[in-house]
Amino acid sequence: MAVALSALLAGLPQAIAAERVVSLNLCTDQLLLLLADREQILSISWLGADPEESAYAHLAEGLAVNYGQVEQILPLAPDLVLAGSYTAPFTVALLERLGLRVLRLPPATSLDMLEAHIMTVAAALDQGPRGDALVAELQVRRAAIAAAAPVTPAPALVLRAGGFTSGEGLTHELMTLAGLDNIATRLGLDRWGSLSVETLLRTRPDVLIIPQYRRDAPSLANSLLAHPALAGFADTRTVVEPRSAQLGCETPALLEVAEAFGEAARAAQREHRP
Amino acid sequence: MPTTERSGGDGVSGPTGRLSLGVVCTLLVALLIVATGLSLVLGRGAGGALWDLPALWQRDPDTARLILEEVRLPRTLLGLLVGATLGLCGAALQGLLRNPLAEPGILGASSGAALGAVVVFYFGLASAGAWLVPVGGVIGSALALGVLYLLAGRSPELLTIILAGVAINAFAGAMTSLALNFAPSPYAIMEIIFWMLGSLADRSMVQVQLALPLMLAGGLLIATAARGLDALTLGSDAARSLGFSPGAVQLRVIAGTALAVGAAVAVTGVVGFVGLVVPHLLRPLVGYRPARLLLPSALAGAVLLLAADLLVRSLPPGPELKLGVVTAMLGAPFFLFLIVRSRRQAW
């Protein structure tokens, strides 16, 4: 009976509990770190262990890292490989050709998609209860953030490195949830676009969101706010500085950012609308 | 056959080679065997060691065989084929256009192929199957060729062909940038940019099967034009009087290049400088006649690309450096050296 049942389950891809898992993508790395037992993880990508890139790098201590090449993965004999939908297509195709099970997750564009990804990965790892618990916790926090949001949203703007801003997508959803009014939507930008110094000067955000990414590395992108015309632009405003790693992938760290947005929205309301 | 010809002395186009074609080709084949062997046995595995195949073979023979047959063999074959394609097409184009700067990129074949592959990425077709990327590349290079013929087809003027190539390159480059602008996500952009830098990593026999027939067809087409290329060095009229139609020679070389380079670029991304450097490297050895240059250029191109790929693999463990970056890094200074050294003698 048990044999027949396991044989039946073996036919269903989702039902095979993966015991030896390799992840090739920064975002799947983090979901794996959160949901798997440590013994299930054979290796994660080198980015997943880098605290500048990964919000959960601290969980990766002592784990082996890979550089996303087939030759590094095959000797590990994984029974599941996690990858993003834009992970090197040749590598993923070769792994599939060699008979490895590859689970590819598209980059999440909403919190609902984050929850779906958590459920998908948890099911593949046979960690259903852990996935359910995490999703339940996230839903409670989402509700709390929404409940605490000010009635009148505070005008806000995201300034990513290079003047990139978010007009829709995940960051936009987090802002809306936390009671921030994303000015970028009225600047005719879609999911992500660049802001010029001129456009920036014409806006009147109460809250500035400036994701922090490798501040020490010299780059033109990081120096946007150093433009003479923008001297003092940030001084009079409420500034939120989430780590880029918290925003870069669909992980529960997104809600930490949303909670910080909520605080900023309430602070801006106290300061700018007494 | 080139080997049966007198070794130069006929004054067709400049000085004769110092070595016989047979000696040069034998040396190159020997080098190629060494490079192929090294390419099969060296590679960074899970432990990060470059030479771990015997240890892996003892521990886990199945995986070792899989790595050898399904990872390193296609990588080596593609290095060989793409290198030979670039060397051969570079030599043929430099002969045809009588221009020392000619290389496969000049006709727009490379940038057209790159655009085709980027479009496949952009519409997310790559996730439907990696095999669609080479197909996009070949269609792109074929389109670039079609446009080239619309622009320059009726005119046998070489200058027109070169200028049309420049225009097609500029247009394809602009369209590629446009596609990047509208790419579905920053991750897609990164993937496309990395792909365009050129690499042989993790290609499989599927890519070999897709590219091999096209590369062979292109190479053969160019080979049939070899004697015509020699005749053309005397000028169009002289070639015609010797029984070669300049238009037919051009068509063979250009169509052959589009086929072979389109397939190569689609599988490996843009690997520059091999087609440019290899003929210059060999001219002092085998002489200046285009037909004599073809076979050694194909062999040397293969050796050069395998060597560059070996260098990429030998670097310390980390995200792999892209092959196109290495060929440009080594190729450009070497090319400058060649220019400085040969400035006194007319090309």
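Residues numbered from 1 in each chain as written. Chains lettered and ligands numbered in written order. Predicted model: local features only at pLDDT ≥ 70, side-chain atom pairs only at ≥ 80, totals over all residues.

**Student:** So what's going on with the overall build of chain A? Residues and values would help.
**Tutor:** On a plain count of helices and strands, chain A comes out with ten helices and eleven strands. Within chain A, the fraction of its 274 residues that count as buried is 45%. Taking contacts inside chain A between residues at least 6 apart in sequence as the whole, the part at least 24 apart equals 62%. (Helix = DSSP H or I, 4+ residues; strand = E, 2+ residues; numbered from the N terminus. Buried ≥ 20, exposed ≤ 12 C-beta atoms within 10 Å, placed from the backbone. Contact = placed C-beta atoms within 7 Å.)

**Student:** Explain the overall build of chain B to me, and be specific about the residues and the numbers.
**Tutor:** Assigned secondary structure in chain B consists of 14 helices and zero strands. Here chain B holds 347 residues, and 49% of them are scored as buried. Considering only residue pairs separated by 6 or more positions, chain B has 78% of its internal contacts joining residues 24 or more positions apart.

**Student:** Just give me the short version of unusual backbone geometry, but keep the residues and values in it.
**Tutor:** Residues and elements named next belong to chain A. The backbone of A77 shows a phi angle near 50 degrees, a positive value even though the residue is not glycine. With respect to the helices and strands, the residue A77 is situated in the loop between α3 (70-73) and β4 (80-84). In this structure A77 comes out as partly exposed when scored by C-beta crowding, with 13 C-beta atoms within 10 Å.

**Student:** Could you give an account of the sheet that holds strand β3 (residues 65-66) of chain A, with specific residues and numbers?
**Tutor:** Residues and elements named next belong to chain A. The strand order β3-β2-β1-β4-β5 describes an open sheet built from five strands, whose pairing is parallel. Every interior strand has two partners, whereas the edge strands, β3 and β5 (102-105), have only one. The strands touched by helix α4 (residues 89-97) are β4 and β5; relative to β5, the strand with the most contacts, the crossing angle is about 150 degrees. (Pairing = 2+ DSSP bridges. Axes fitted to C-alpha atoms, helices over the stretch in contact; angles between N-to-C directions.)

**Student:** Describe the domain arrangement of chain A, and please don't skip the residues or the numbers.
**Tutor:** Interface size is commonly expressed as the accessible area that is lost once the parts come together. All names here are of chain A. Domain boundaries in chain A define domain 1 (18-139) and domain 2 (150-272). Listed as interface residues are 19 residues of domain 1 and, on the opposing side, 15 residues of domain 2. Only α2 (26-35), α5 (111-124) and α6 (128-148) provide two or more residues apiece to the side of domain 1 that touches domain 2. Residues that form the side of domain 1 that touches domain 2 fall into these classes: twelve nonpolar, five polar and two charged. (Domains from an automatic or database assignment. Nonpolar A, V, L, I, M, F, W, Y, C, P; charged D, E, K, R; others polar.)

**Student:** Tell me about the environment of A:L76, and please be specific about residues and values.
**Tutor:** Tracing the backbone shows A:L76 in the loop between α3 and β4. Given 17 C-beta atoms within 10 Å, A:L76 falls into the partly exposed group.

**Student:** So what about the packing of helix α12 (residues 274-286) of chain B against helix α14 (residues 323-341) of chain B? Which residues, and what values?
**Tutor:** Residue and element names in this part refer to chain B. Interhelical geometry of α12 versus α14 gives an angle of 40 degrees and a closest axis separation of 10 Å. Here α12 lies oblique to α14, going by the angle between them. Crossing of α12 over α14 shows left-handed handedness. Residues V274, L276, V277 and H280 of α12 form the contact with α14, whose own contacting residues are T327, G331, F334, F335 and L338. Considering only residue class, the contact of α12 with α14 consists of six nonpolar, three polar and no charged. (Parallel < 35°, antiparallel > 145°, perpendicular 65-115°, else oblique. Left-handed = near helix turned anticlockwise from the far one by under 90°.)

**Student:** Residue-level account of the confidence of the model for chain B, with values.
**Tutor:** All names here are of chain B. Overall, the predicted model of chain B reaches an average pLDDT of 83, with 87% of residues at or above 70. Within chain B, no element has a lower average pLDDT than helix α7 (residues 186-196), which sits at 76, and none a higher one than helix α1 (residues 21-41), at 95. Predicted complex metrics record ipTM = 0.74 and pTM = 0.81. (pLDDT = per-residue confidence, 0-100.)

**Student:** Lay out the interface of chain B and chain A in plain terms, naming residues and giving numbers.
**Tutor:** Listed as interface residues are 29 residues of chain B and, on the opposing side, 23 residues of chain A. Contributions of two or more residues to the side of chain B that touches chain A are made by α3 (61-97) and α7 of chain B. If one sorts the elements of the side of chain B that touches chain A by residue count, α3(B) sits on top with five residues. Of the residues contributing to the side of chain B that touches chain A, the split by class is 15 nonpolar, seven polar and seven charged.

**Student:** Explain the sheet that holds strand β10 (residues 207-209) of chain A to me, and be specific about the residues and the numbers.
**Tutor:** All names here are of chain A. Read from one edge of the open sheet, four strands run β8-β6-β10-β11, paired in parallel fashion. Of all the strands in the sheet, the pair left with one neighbour each is β8 (180-182) and β11 (238-240). Adjacent strand axes in the sheet meet at a mean angle of 35 degrees when their direction is disregarded. When strand β6 (residues 154-158) meets β10, the two strands line up parallel, connected through three bridges. Opposite A156, over in β10, you have V207 as the bridge partner. Here helix α7 (residues 170-178) sits on the sheet in contact with β6 and β8, set at roughly 140 degrees to β8.

**Student:** With reference to specific residues and values, describe the pairing of β5(A).
**Tutor:** Residues and elements named next belong to chain A. Note: β4 against β5, four bridges, orientation parallel. Bridging across to β5, V81 finds its partner in V102. A crossover connection joins β4 to the parallel β5 through α4; in handedness this β-α-β unit is right-handed. (Right-handed = clockwise from strand over helix to strand, strands pointing away.)

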